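# Close look at the chain arrangement
Here are the chains, one letter per residue:
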Amino acid sequence: MAEFVYPPVIRAALTAFKALDLRISIVGAEHVPAAGGAVLVSNHISYLDFIFAGLGPWRGGKRLTRFMAKDDVFKHRISGPLMRGMRHIPVDRTDGQPAYDAAVKALREGEIVGVFPEATISRSFMLKKFKTGAARMAAESGTPLLPVILWGTQQLWTKGRPKTLTKRHVPITVMIGEPIELTPQDKPVMVTRRLRAAMTEMLDRAQREYPAKPAGPEDSWWLPAHLGGTAPTPEQAEAADEAEATAKAERRAAKSG
């Protein structure tokens, strides 16, 4: 199928990044399979992560990634046509089976499918608990898992912070790890643990090697607490997520009542 939407969107994004002098460093692009399906698994710290996570396969061989994203994005009058044109996969959180089936089909057809196993943005900028869907899709389709770590994207637009999409000179790290091959005997829970452990090591490396520091105390919000920043601890972030989920449930109940 001809790609009329995706490549121009990527080129437009790269042009914007160049204008902002975003210092994008892609490490490990050689790990992207030259052909065949793969489940790209990325951490989630920014609303822009799907753009940057997809740069690795694009730079590594002009490969396109079909991301799984909540269906609300597909219903928006501006983003909807673009998401459908790029053949991303909508996920209905009340019934995820159709999206899962579509992802497995795409993988078997040789596509790279992008997944955020944490499901939501991490307020602590550390890894949250992983869902097992990525491992199950890889096992069912016979494709490898491709771990990806992003760092720096949270400075542009993240949960609970104002957008700073025009911020200039921000270093962005895109780190791609070695593919994780599965065997039929592998259990999704154990594979997910292995994947998360590998990505934890990658995240630690990306943070240690990141070439920028906060400009001052007020700018330390994007740095994790254990590195001296003022981001919430994982425990504080989990409590905030639970409070947000409770508030949303109460609003839905009030509307339906």
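Residues numbered from 1 in each chain as written. Predicted model: local features only at pLDDT ≥ 70, side-chain atom pairs only at ≥ 80, totals over all residues. Heavy atoms only, no water.

## Examining the overall build of the chain
Rules: Each helix corresponds to a stretch of at least 4 residues labelled H or I by DSSP, and each strand to a stretch of at least 2 residues labelled E; elements are numbered beginning at the N terminus. Each radius of gyration reported is based on C-alpha atoms, and the globular scaling rule is 2.2 Å times the count of residues to the power 0.38. Three exposure classes are used, based on accessible area relative to the maximum for each residue type with a 1.4 Å probe and protein chains only: buried under 20%, partly exposed in between, and exposed over 50%. By definition, residues are in contact when any of their heavy atoms lie within 4.5 Å. Only the protein chains shown count as cover for residues, with accessible areas throughout obtained via the Shrake-Rupley method and a probe of 1.4 Å. Positive residues here are Lys and Arg, negative ones are Asp and Glu, while His and the chain termini are left out of the count. For charged residues, the charge sits on one atom: NZ in Lys, CZ in Arg, CG in Asp, CD in Glu.
Helix and strand counts for the chain stand at nine helices and seven strands. Computed over its C-alpha atoms, the radius of gyration of the chain comes to 18 Å, within 12% of the 18 Å expected for a compact globule of 257 residues. With the C-alpha coordinates aligned to their principal axes, the bounding extent of the chain is approximately 50 × 50 × 40 Å. By the burial criterion, 46% of the 257 residues in the chain qualify as buried. Within the chain, residue pairs in contact and separated by at least 24 positions form 75% of the contacts whose partners lie at least 6 positions apart. Of the roughly 13500 Å² of accessible surface on the chain, a fraction of 56% belongs to carbon and sulfur atoms. Counting 36 positive and 27 negative side-chain charges, the chain places the averaged centre of each group 5 Å from the other.

## Regarding the packing of aromatic side chains
Keep this limit in mind: Centres within 6.5 Å make a pair out of two Phe, Tyr or Trp rings, where for Trp the six-membered ring is used; the pair is then stacked when the planes are under 30 degrees apart, edge-to-face when over 60, and tilted otherwise. Note on criteria: charge over ring means Lys NZ or Arg CZ within 6 Å of the ring centre, with the direction from the centre no more than 35 degrees off the ring normal.
Here the structure, examined in full by the defined rule, presents seven aromatic pairs. Ring centres of F125 and W151 lie 6.5 Å apart, and the angle between their planes is 80°; on these two criteria the pair is classed as edge-to-face. With F125 in the loop between β5 (112–115) and α7 (133–141) and W151 in strand β6 (residues 145–151), the pair connects residues that are 26 residues apart, well separated along the chain. Under the relative-accessibility criterion, W151 is labelled buried at 1%. The ring of W58 carries K62 above its face, with NZ or CZ at 5.3 Å from the centroid. R161 extends its terminal NZ or CZ atom over the ring of W221, reaching a point 4.2 Å from the ring centre.

## Thoughts on the packing of helix α6 (residues 97–108) against α7
Worth spelling out the cut-off: Working convention: axes come from line fits to C-alpha atoms, limited for helices to the stretch in contact. Angles between N-to-C directions cover 0 to 180 degrees. Any angle that is under 35 degrees is reported as roughly parallel, and any over 145 degrees as roughly antiparallel; angles of 65 to 115 degrees are reported as roughly perpendicular and all others as oblique. Crossings are classed by handedness, with left-handed meaning an anticlockwise turn of the near helix from the far one by less than a right angle and right-handed meaning a clockwise turn. By the convention adopted, Pro, Cys, Tyr, Trp, Phe, Met, Ile, Leu, Val and Ala count as nonpolar, Lys, Arg, Asp and Glu as charged, and the other residues, Gly among them, as polar.
For the pair α6 and α7, the least separation of the axes is 9 Å and the interaxial angle reads 45°. By the angle between their directions, the pair α6 and α7 is classed as oblique. Two packed elements cross with a definite hand, and for α6 against α7 that hand is right-handed. Contacts between α6 and α7 involve Y100, A103, V104, L107 and R108 on the former and, on the latter, G133, R136, M137, E140 and S141. When the residues that make up the contact of α6 with α7 are grouped by side-chain class, the tally is five nonpolar, two polar and three charged.

## Topic: the pattern of salt bridges
Selection criterion: Any Lys or Arg side-chain nitrogen found within 4 Å of a carboxyl oxygen on Asp or Glu counts as a salt bridge.
In total, this model carries 13 salt bridges according to the counting rule given. Of the charged contacts in the structure, one is a salt bridge between R87 and E3, with a shortest N-O distance of 2.6 Å. Separated by 84 residues along the polypeptide, R87 in the loop between α5 (79–85) and β4 (89–91) and E3 in the segment before α1 (6–19) bring together distant segments of the chain. Judged by its relative accessible area of 28%, R87 is partly exposed. Residue classification places E3 among the partly exposed positions, given a relative accessible area of 23%.

## Side note on the pairing of β5
Selection criterion: Being paired, for any two strands, means DSSP has found at least two bridges between them.
Here β5 shows no split at all, with I112 and G114 on one side and V113 and V115 on the other all buried. Two strands pair when backbone bridges link them, and strand β2 (residues 38–42) and β5 are joined in this way by four bridges, in the parallel orientation. Residue V41 lies in a different strand from β5, and its bridge partner there is V115. As defined by bridge partners, strand β3 (residues 65–70) adjoins β5 across three bridges and the pair is classed as parallel. In the sheet register, F67 faces β5, and the bridge partner there is G114.

## Remarks on a positive patch on the surface
Put simply, the rule is: Nonpolar side chains (Val, Leu, Ile, Met, Phe, Trp, Tyr) within 5 Å and like charges within 9 Å form the patches, drawn only from residues with over 30% relative accessible area and no salt bridge.
A contiguous patch of positive charge, built from K70, R93, K131, K248, R251, R252 and K255, is present on the exposed surface. The element that contributes the greatest number of residues to the positive patch is helix α9 (residues 234–256), accounting for four residues. For R251, the location among the structural elements is in helix α9.

## Overview of the sheet that holds β4
Pairing is mixed in the open sheet, where seven strands are placed in the order β1-β7-β6-β2-β5-β3-β4. Two strands lie at the open edges of the sheet, namely β1 (23–27) and β4, each paired on one side alone. The sheet shows a mean angle of 20° between the axes of neighbouring strands, direction not considered. Of the pairings in the sheet, the one linking β6 to strand β7 (residues 171–176) comprises four bridges and is antiparallel in character. Residue pairing for β7: W151 is matched across the bridge by T173. Sheet strands touched by α6: β2, β3, β4 and β5. Its angle to β4, the strand with the most contacts, is close to 155°. With respect to the sheet, α7 is in contact with β2, β3, β5 and β6, its orientation differing from that of β2 by roughly 170°.

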